[in-house]
Amino acid sequence: MKFLNTFCFLVFMLAYITVEGQFIPDTVHVREVNILAKRRLEDAGLKITRPDSMQRASYVTADLSELISDYTPVFIKSYGRGSTATASFRGAAATHTQVYWNGMSLNSPMRGMADLSLVPVFFTDGMYLLHGGSSMTKGSGALGGSIHLENLPDWSSVFGLQGMAETGSFGTGKAFLRVTLGNNQFQSSTRLFIETADNNFPFYNTGVIPNRQDTLQNAGYSKRGVLQEFYLRHALDNVSGVRLWLQGSDRNLPQLMSYQGSPRDELQSDLQFRAQYDWKRYTDFLNYHIFTGINTTRLNYHRSTPAFGFVNEESESRETGFLNHLRIFRKFDDETYATFSLNANYYQVDVFNHITGTGYQEDRTETSVMLNMHIKPSDRFVLYVLMRADYYDDRMMPLIPSGGIEWQFLRSWPLIVRANAARNFSKPTLNDLFWIPGGNPDLLPEDGYTGDLSLSASFGNEVASFSNELTGFVSLIENWITWQPATTGAYYWQANNIKDVLSRGLEYQYNASLQTGSIRLRSGGNYSYTRTTNQKAVHSADASRNKQVIYIPRHKGSFYVSSTWQGFTLKFDLSGIGKRYTTSSNMETPFEQALNPYVLGKLSAAKYIQRDELNLNLKLTIDNLFDQTYQSILWRPMPGRFYSFGVALTFNREK
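The written sequence of each chain sets the order in which its residues are numbered from 1. Only residues with pLDDT of at least 70 are given local features in this predicted model, and only at 80 or more are side-chain atom pairs given and counted; all residues enter the totals for whole chains, interfaces and linings. To get the side-chain values, take all heavy atoms of the structure and skip hydrogens and water.

Visitor: What's the story with the overall build of the protein in this structure? I'm lost.
Guide: Numbering of helices and strands runs from the N terminus; a helix is a DSSP stretch of H or I covering at least four residues, while a strand is a stretch of E covering at least two. A tally of regular secondary structure across the protein gives four helices and 35 strands. Whereas a compact globule of 655 residues would reach a radius of gyration of roughly 26 Å, the protein reaches 25 Å, a difference of no more than 12%. Overall, the protein is about 65 × 65 × 45 Å in size when its C-alpha atoms are taken along their principal axes. Any residue under 20% of the maximum accessible area for its type is buried, any over 50% is exposed, and the rest in between are partly exposed; the area is computed with a 1.4 Å probe on protein chains only. Put simply, the protein has 655 residues, and 54% of those count as buried. Two residues form a contact once any of their heavy atoms are found within 4.5 Å. At a minimum sequence separation of 6, the contacts of the protein that also span at least 24 residues come to 64%. Working definition of accessibility: Shrake-Rupley area with a 1.4 Å probe, residue cover restricted to the visible protein chains. Counting only carbon and sulfur atoms, one obtains 60% of the accessible surface of the protein, whose full area is about 28700 Å². For the purpose of charge, His is not counted, nor are the chain termini; Lys and Arg are scored as positive and Asp and Glu as negative. Positions of charges follow a simple convention, taking NZ of Lys, CZ of Arg, CG of Asp or CD of Glu. Separation between the mean location of the 62 positive side-chain charges and that of the 60 negative ones in the protein comes to 4 Å. With C-alpha atoms as the basis for the radius of gyration, the globule rule is written as 2.2 Å multiplied by the number of residues raised to the power 0.38.

Here it is in structure tokens:
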């Protein structure tokens, strides 16, 4: 505590001159005049969120779920530090979020979702989100939205070396290394990381009577991975690349804080391998993009009762996907553009429980065709019309439409209107169809209808800049798939098309910066209001109608402010989550609890030192600054105040 008090005193003494800790030097970004001629035509009419390079840099040692949670309106449902984390756009389910890595889907065909806690920000060079119907430009199935991760070569680099190490509370240690080399025709990038944590943090246990101080047990984890990239520029308009990503993790799964059930040892091991070859060619009127890749996941799960030496469950799953993509962009003239894409994917899944002797082996073939037309009658107005047809499991989903406009009212006034409307669908996962027991091969795909309207404006000069966007949205998802007790009265749960879910709400985001003398001030924030309700009662006693869907907060927001002075940085983050219900009836009793709202603070301080081609960054972070007691998932505790310290050393030589 003495160290903490001393540190806090020094921090607040420097608060008026310092800010944002990050692993790249702070730079002044001046936005261009915001007219459509300066925007990528393919982005016109789309609702896009792009965390900037400064935000990504400050979270370079974190996983993707933390970056998205703090800098976008998307809600992250996390089971705790190092545990599964999934994304929910606009009140939709985690299975309604698609995650793409350089255009290749990372969603599990078995579970239908991607675990964002297993995606290190360090393994990405860029990231953006498409909300609602905007996601149709990249693929179907994202009824809520989609997340896109990019890896890009730096043709100006001759040799680069980046090393980072971080240590923190609860036995947490992280190490990262990246080596790049090449020239203007060939580039190689090698990234490695390892992360371990005992994760045995103290918490106040409200899940037992009487409430007491407790310590989380059996919650340690380790992650490690390597990403290798090769890029070859055959000519100025012809580039090919190979990417290889191998990653593994071992996670202990702690018992609920309510200690329901007998003591147990519960472990999960994941191993992923992804490989991709892509080729791009650019001409004045035609652009081509082709990739082929493989995505494999091996997951082992073990649960046993140590007191009796009895193994309750020992299961394994094997998933393999072969993914192929062709995209052609054609410019007919200065006013008319078209994009054609074709996807052909094949998946194999093998699930087996060694204790019960049950499981399933299934495969799935998916084909998708899209035609997207953009028309630009002026440099201030663009519209697009998209048609997509999908084929899977011998079922055709023809003519799935989407469309949008982008309009800047006046050339001298940077106010832009964007509108988007789409139909979409999400196919049942293979677990939904074939899991034993409870899978239902008669499930229908979930149908989605969505629309949004945005107003955005940006202002800026060499001294100050401000940009903000307000979006209203509405979506309806019919035939929502829900697991519930079997209608036959059997002991197991079964998947059925039960709900029609209506979601509506608002999203707001802003970013601002000010350069005053040698001090640079930055601020940003976002807020979302999401009202998501079940519109269909299954029977007369069903109390879920017009009630908020479980684990979806109505209110979510975050805010940060930072300043920079002579390499010193100080940054303060604030994030809040509203009440979440854990039962479809929204009941609140001692046995049917709602999760209370919470507000978390984070304070980070850093010093950046540059010596020619060598850069050094030192960073200290305090998470959960106000020492809040909270739960993200019922009976899953989260840590109180904790600390981390990081060192980053970067060497880069350019031509």
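Visitor: Please clarify how helix 3 (residues 64–71) should be interpreted in this entry.
Guide: Given 3.6 residues to a turn, an α-helix orients residues that are three or four positions apart in the same direction. The buried fraction of helix 3 is high, at six of eight residues. All of the buried residues in helix 3 are Leu64, Ser65, Leu67, Ile68, Asp70 and Tyr71.

Visitor: Would you take a moment to explain empty space enclosed by the protein for this structure?
Guide: The probe, sized like a water molecule, is rolled over the atoms to show the empty space still left. Two kinds of site are reported from a 1 Å grid over the protein atoms alone, namely cavities, where a 1.4 Å probe fits but cannot get out, and pockets, open sets with protein on both sides within 12 Å along at least five of seven lines, and residues are called lining when an atom falls within 4 Å of a point. Grid points are joined across faces, edges and corners, and a volume is the space filled by probe spheres set on the points. A complete count under the given rule lists eight cavities of 30 Å³ or more for this structure. Roughly 110 Å³ of internal volume is contained in the largest cavity. Pro73, Ser88, Arg90, Ser528 and Thr530 are, among the 15 residues lining the largest cavity, the residues nearest its centre. Looking at the lining of the largest cavity, its residues break down into seven nonpolar, five polar and three charged. Taken as a whole, the second largest cavity holds about 80 Å³ of empty space. Together, 13 residues line the second largest cavity, and Tyr79, Gly80, Ser83, Leu216 and Pro254 are the ones closest to its centre. Throughout, the ten residues Ala, Val, Leu, Ile, Met, Phe, Trp, Tyr, Cys and Pro are labelled nonpolar, Asp, Glu, Lys and Arg are labelled charged, and all others, Gly among them, are labelled polar.

Visitor: Sorry if this is basic, but what is going on with the packing of aromatic side chains here?
Guide: What characterises a pair of aromatic rings is the spacing of the ring centres plus the angle enclosed by the ring planes. Any pair of Phe, Tyr and Trp rings, taking the six-membered ring for Trp, is counted once the centres come within 6.5 Å. Such a pair is stacked with planes under 30 degrees apart, edge-to-face with planes over 60 apart, and tilted for the rest. Scanning the model with the defined rule gives 23 aromatic pairs in all. Ring geometry for Tyr59 and Tyr71: centres 5.2 Å apart, planes at 80°, overall edge-to-face. With Tyr59 in the loop between helix 2 (53–58) and helix 3 and Tyr71 in helix 3, this residue pair connects regions lying twelve residues apart in the sequence. The same class applies to Tyr59 as to Tyr71, namely buried. Summarising the aromatic geometry, the rings of Trp565 and Phe568 are spaced 6.4 Å apart at their centres and angled 20° between planes, so their arrangement reads as stacked. Assessed through its relative accessible area of 32%, Phe568 is described here as partly exposed. What links up through ring pairs into an aromatic cluster is the set Trp101, Phe122, Phe123, Phe176, Phe193 and Trp245.

Visitor: Would you explain unusual backbone geometry in this entry?
Guide: Among all residues except glycine, the phi angle is most often negative; among peptide bonds, the trans geometry is most common. That bond from Ile209 to Pro210 is cis: its omega, -5°, falls within 30 degrees of zero. You can see Pro210 is positioned in the loop between strand 11 (202–205) and strand 12 (212–215). For the bond from Ile436 to Pro437, the omega torsion is -5°, close enough to zero to count as cis. Turning to its location among the elements, Pro437 is positioned in the loop between helix 4 (430–434) and strand 23 (446–460). Positive phi is not limited to glycine here, since Arg90 has a value of about 50°. One can find Arg90 in the loop between strand 3 (85–88) and strand 4 (97–101). Owing to a relative accessible area of 8%, Arg90 belongs among the buried residues under this scheme. In this structure, Leu399 takes a positive phi of about 50° despite not being glycine. Its place among the elements puts Leu399 in strand 21 (residues 395–410).

Visitor: Quick question: what am I supposed to make of the sheet that holds strand 1 (residues 48–49) here?
Guide: Each pair of strands is called paired provided DSSP finds at least two bridges between the two strands. Ordered by their spatial adjacency, five strands build an open sheet running 1-6-7-4-5, and the pairing between neighbours is mixed. Only two strands of the sheet have a single neighbouring strand rather than two, namely strand 1 and strand 5 (104–105). Both strand 4 and strand 5 contribute to a ladder of two bridges, which runs antiparallel. Looking at strand 5, one finds that Trp101 is bridged to Met104.

Visitor: Is there a simple way to think about the pattern of salt bridges in this case?
Guide: Where charged atoms from two side chains of opposite charge come close, those side chains can pair. Salt bridges, as used here, are contacts in which a Lys or Arg side-chain nitrogen is within 4 Å of a carboxyl oxygen on Asp or Glu. What the rule picks out here adds up to 30 salt bridges. Arg423 is paired through a salt bridge with Asp447; the nearest N and O atoms lie 3.1 Å apart. Here Arg423, found in strand 22 (residues 413–426), pairs with Asp447, found in strand 23; they are 24 residues apart in sequence, far enough to count as distant. For Arg423, a relative accessible area of 23% puts it in the partly exposed group. Beyond isolated ion pairs, a larger network of salt bridges with shared partners links Lys47, Glu406, Arg418 and Glu469.

Visitor: When you look at a nonpolar patch on the surface in this model, what are you seeing that I'm missing?
Guide: Patch membership requires more than 30% relative accessible area and the absence of a salt bridge. Residues of like charge join within 9 Å; the nonpolar side chains Val, Leu, Ile, Met, Phe, Trp and Tyr join within 5 Å. A surface patch of nonpolar side chains, amounting to about 670 Å² of accessible area, comprises Val158, Phe159, Leu161, Leu177, Leu181, Phe186, Leu192, Phe230 and Leu232. Counting only elements with at least two residues in the nonpolar patch, the list comes to strand 8 (157–168), strand 9 (172–182), strand 10 (186–197) and strand 13 (221–235). For Phe186, a relative accessible area of 32% puts it in the partly exposed group.

Visitor: Sorry if this is basic, but what is going on with the side chain of Glu366 here?
Guide: Within the secondary structure, Glu366 sits in strand 19 (residues 358–378). Polar contact is defined as a pair of N or O atoms within 3.5 Å, subject to the rule that within protein one atom must be able to donate a hydrogen and the other to accept it, and that residues adjacent in sequence are counted only when both atoms are side-chain atoms. A polar atom in the side chain of Glu366 sits 3.4 Å from the side chain of Lys427. In contact with Glu366, not counting residues within four places along its chain, are Asn343, Ala344, Asn345, Tyr347, Tyr391, Tyr392 and Lys427.

Visitor: What is the right way to look at the environment of Asn617 in this model?
Guide: Among the structural elements, Asn617 can be located in strand 32 (residues 614–623). Accessibility expressed as a relative area gives 3% for Asn617, which makes it buried.

Visitor: Help me understand the pairing of strand 9 in this model?
Guide: Each regular strand carries side chains that alternate between the two faces of the sheet. Of the two faces of strand 9, only the one carrying Thr172, Lys174, Phe176, Arg178, Thr180 and Gly182 is buried; Gly173, Ala175, Leu177, Val179 and Leu181 on the other face are not. Between strand 8 and the antiparallel strand that follows it, strand 9, lie three residues; Phe170 among them carries a positive phi value of about 60°. Inspection of the sheet shows strand 9 paired to strand 10 by ten bridges, in the antiparallel sense. Paired with Leu181 across the strands is Ser188, a residue of strand 10. Once strand 9 ends, the chain turns through three residues before running back antiparallel as strand 10.

Visitor: Even after reading the chapter, I still don't get the nonpolar core, so can you show me in this structure?
Guide: One broad trend across soluble globular proteins is that nonpolar side chains are buried collectively. Here the nonpolar core consists of buried residues drawn from Ala, Val, Leu, Ile, Met, Phe, Trp, Tyr and Cys, with membership extended through side-chain atoms lying within 4.5 Å. Ranked by size, the top nonpolar core spans 36 residues in total, and within it Leu64, Ile68, Leu116, Met127, Ile147 and Leu149 carry the most contacts. Counting residues per element, this core draws most heavily on helix 3, which supplies four residues. Apart from residues lying up to four places away in sequence, Ile147 is in contact with Leu64, Ile68, Ala87, Phe89, Thr97, Gln98, Val99, Tyr100, Leu116, Met127, Tyr128 and Leu129. Formed by 13 residues, the second largest nonpolar core is a distinct cluster that contains Ile48, Tyr128, Met370 and Leu386.

Visitor: Explain the environment of Lys427 here, please?
Guide: Relative to the assigned elements, Lys427 resides in the loop between strand 22 and helix 4. Separated by 170 residues in sequence, Lys427 and Pro597 have C-alpha atoms that sit 33 Å apart. Apart from residues lying up to four places away in sequence, Lys427 is in contact with Arg364, Glu366, Tyr392 and Pro445.

Visitor: Looking at this structure, I do not really get the side chain of Ser304. What am I missing?
Guide: Secondary-structure assignment places Ser304 in strand 16 (residues 286–305). On the basis of relative accessibility, which here comes to 10%, the residue Ser304 falls in the buried class. At 3.1 Å, the side chain of Ser304 and the side chain of His302 are in polar contact. Ignoring anything within four residues of it in the chain, the contact list for Ser304 reads Pro263, Arg264, Asp265, Phe310, Val311 and Asn312.

Everything listed is a geometric property; what it means functionally is a separate question.
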